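If you want the building blocks of each chain, they are given just below.
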Amino acid sequence: MKVLVLNCGSSSVKFQVIETSLEMIEANADLTLARGAVEKIGLSDSRLSLDVPDRKPHQEIAEILEHRAAIERVLKVLVNPEHGVLGNVAEIEAVGHRVVHGGEKFASSVLVNPEVEAMIEECVVLAPLHNPHNLRGLTAARSLLPGVPHIAVFDTAFHQSMPPKAFVYGLPYELYTRQAIRRYGFHGTSHRFVSIRTANLLRRPIEDLRIVTCHLGNGCSMAAVDRGHSVDTSMGFTPLEGLLMGTRCGDLDAAIVPWVLAMEEVTLAQLNAMLNKHSGLYGVSGVSSDMREIEAACATGNKRACLALDIFCYRIRKYVGAYAAAMGGLDAVTFTGGIGENSPLIRATTLAGMDFFGIELDEDANRNAPRGKEVLVSRPGTRVAVAVIPTNEERVIARDTVRVLGGVMPSFAVAGTDAPR
Ligand code: ADP
């Protein structure tokens, strides 16, 4: 079946057309027929780009003022006889939507109906920067493609299996019951995908494995995946918590926030921007938020770039230890995301000298790990496997769409929570 995957941001709509089916998922053989994006929505020079394998990339510049118009343009280019990949819009049999926040309402992907749309709307308060745009795209796509099923896939859903001891903060409990302040975690589609692929690579059932997954991109998070279930993750109520990221600070003594407000001449909004946009690799190094540039600067002796790199790896290493303890053991560590997939240096620095833990990198395999491939970079026979797995969130969304429609995934899942109310 051909699935259109949509990921709607504040000023962009990213899309892919993926050919998939339950059999193709089993064989890991789903095909991306086209991918692209509409960017700068709301401006007079919005840009639509379309990439089709083995063809020259196609671009259009035009005024696209809102998400509905953007999705109309996407559908139009997909059926364009010269540039497109579909004979007819009716070839799209389902649409999969990325939705950032499902709160405590969604523990898996779900077939969208008016009730589900209303529930996603209720989660807007938890992700005011993301959910409104996701929802806008969802509503527009449902009205443009009314005859096909639409499936919502949530970044948070995979982590709904966390136990209360992992998701309740040490704050007055009323902040949880009244304001829904708790750890939710993000990047769930990626953590789920790469943990399943790791089990596949190891030719072992995921039900036997305790895997620590490291999603290291601009945003970075880790998860403890215990026999297929997320039992802890490093991002929290928002994506700010946990690892050092491109521009986010990650773990922090909460007392720093009121302290900075009192001591520095910053407003709350400025402080928020400081923590989210001016911290992390960028804030520590003063060089860049981009790991390639940090690595290059450190190699030429820039001390702050080296420090940023050290903090980055040290935190990942601490979480590996913490999550192994949380799961009572460790069978695999998996790296993914732009940094995790492409930086042998980060993988090697993070796991150096962890043979006491059963982790031994194969230096050659790590250095020469082929791009875009699922590979093991640990020494053969070591207790803990180390894997590099390219993530593909769009593919997970397409797969979930097929699974929900095929009845192999519950189509309506309201998460239960064990936490006392
Ligand atoms: P996003 O989270 O926006 O999807 P990506 O997963 O593409 O981001 O990751 C972007 C990060 O990956 C950037 O910090 C970039 O520098 C880093 N990266 C990409 N290629 C390499 C590489 N060869 N070595 C080190 N870092 C890399």
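The rules behind each value
- Residues numbered from 1 in each chain as written.
- Predicted model: local features only at pLDDT ≥ 70, side-chain atom pairs only at ≥ 80, totals over all residues.
- Heavy atoms only, no water.
- Helix = DSSP H or I, 4+ residues; strand = E, 2+ residues; numbered from the N terminus.
- Buried < 20%, exposed > 50% of the residue type's maximum accessible area, 1.4 Å probe, protein only.
- Contact = heavy atoms within 4.5 Å.
- Near = heavy atom within 4 Å.
- Polar contact = N/O pair within 3.5 Å; in protein donor to acceptor, adjacent residues only side chain to side chain.
- Areas by Shrake-Rupley, 256 points an atom, 1.4 Å probe, with all protein chains shown as cover.
- Core = buried A, V, L, I, M, F, W, Y, C linked by side-chain atoms within 4.5 Å.
- 1 Å grid on protein atoms, 1.4 Å probe; cavity = no way out; pocket = protein on both sides within 12 Å on 5 of 7 lines; lining within 4 Å.
- Points joined across faces, edges and corners; volume = space filled by probe spheres on them.
- Nonpolar A, V, L, I, M, F, W, Y, C, P; charged D, E, K, R; others polar.
- Phe/Tyr/Trp six-rings, centres within 6.5 Å; stacked < 30°, edge-to-face > 60°.
- Lys NZ or Arg CZ within 6 Å of the ring centre and 35° of its normal.

Caption draft 1: Broad picture of the environment of Leu-31. Relative to the helices and strands, Leu-31 is located in strand 3 (residues 31–39). The exposure class of Leu-31 is partly exposed, given its relative accessible area of 46%. Through-space distance from the C-alpha of Leu-31 to that of Lys-2 is 9.4 Å; in sequence the pair is 29 residues apart. Dropping the residues within four chain positions of it, Leu-31 is found in contact with Val-17, Ile-18, Glu-19 and Met-24.

Caption draft 2: Expanded view of the site of the ligand. Taken together, 13 residues surround the ligand, and among them Asn-218, Asp-290, Met-291, Arg-292 and Gly-338 come closest. In the model, an oxygen atom of the ligand is placed 2.5 Å from a nitrogen or oxygen of the Asp-290 side chain. At a separation of 2.9 Å, an oxygen atom of the ligand approaches a polar backbone atom of Gly-338. Burial of the ligand by the protein chains amounts to 70% of its free accessible area of 580 Å². Those elements giving two or more residues to the shell around the ligand turn out to be helix 11 (291–299) and helix 13 (337–342).

Caption draft 3: Geometry of the side chain of Thr-213. When you line up the elements, Thr-213 lands in strand 9 (residues 210–216). Judged by relative accessible area, which is 0%, Thr-213 ranks as buried. Side-chain polar atoms of Thr-213 contact the side chain of His-191, separated by 2.8 Å. Discounting chain neighbours no more than four positions away, the residues touching Thr-213 are His-191, Val-194, Ser-195, Ser-221, Met-222, Ala-223, Val-225 and Thr-334.

Caption draft 4: Layout of the nonpolar core. Among the nonpolar cores identified, the biggest contains 42 residues, and Leu-216 and Phe-312 are the most heavily contacted of them. Elements with a contribution of two residues or more to this core: strand 9, strand 10 (220–226), helix 11, helix 12 (303–327), strand 12 (332–336), helix 14 (344–351) and strand 14 (385–388). At 11 residues, the largest contribution of residues to this core is made by helix 12. Those residues in contact with Phe-312, other than ones at most four positions away along the chain, are Leu-216, Cys-220, Leu-244, Leu-281, Met-291, Ile-339 and Ile-346.

Caption draft 5: Spotlight on the layout of surface pockets. Its boundaries defined by the atoms lining it, the second largest pocket holds a volume of some 450 Å³. Ala-107, Phe-158, Arg-192, Gly-228 and Met-409 are the residues nearest the centre of the second largest pocket, which is lined by 21 residues in total. Those elements that provide at least two residues to the lining of the second largest pocket are strand 8 (150–154), helix 7 (188–202), strand 11 (229–233) and helix 16 (393–405). Sorting elements by how many residues they give to the lining of the second largest pocket places helix 7 first, with 4 residues. Residues that form the lining of the second largest pocket fall into these classes: 9 nonpolar, 9 polar and 3 charged.

Caption draft 6: How the structure looks around the packing of aromatic side chains. If you walk through the whole model with that rule in mind, you get 6 aromatic pairs. Judged by centre distance (5.9 Å) and plane angle (55°), the rings of Phe-167 and Tyr-176 are tilted. You can call Tyr-176 buried: its relative accessible area is 4%. On the basis of an interplanar angle of 80° and a centroid distance of 5.2 Å, the ring pair of Phe-356 and Phe-357 is categorised as edge-to-face. On the basis of relative accessibility, which here comes to 22%, the residue Phe-357 falls in the partly exposed class. Each residue in the set Phe-167, Tyr-173 and Tyr-176 is aromatic and connected to the rest through ring pairs, giving one cluster. Note that Arg-182 overlies the ring of Phe-167, its terminal NZ or CZ placed 3.5 Å from the centroid.

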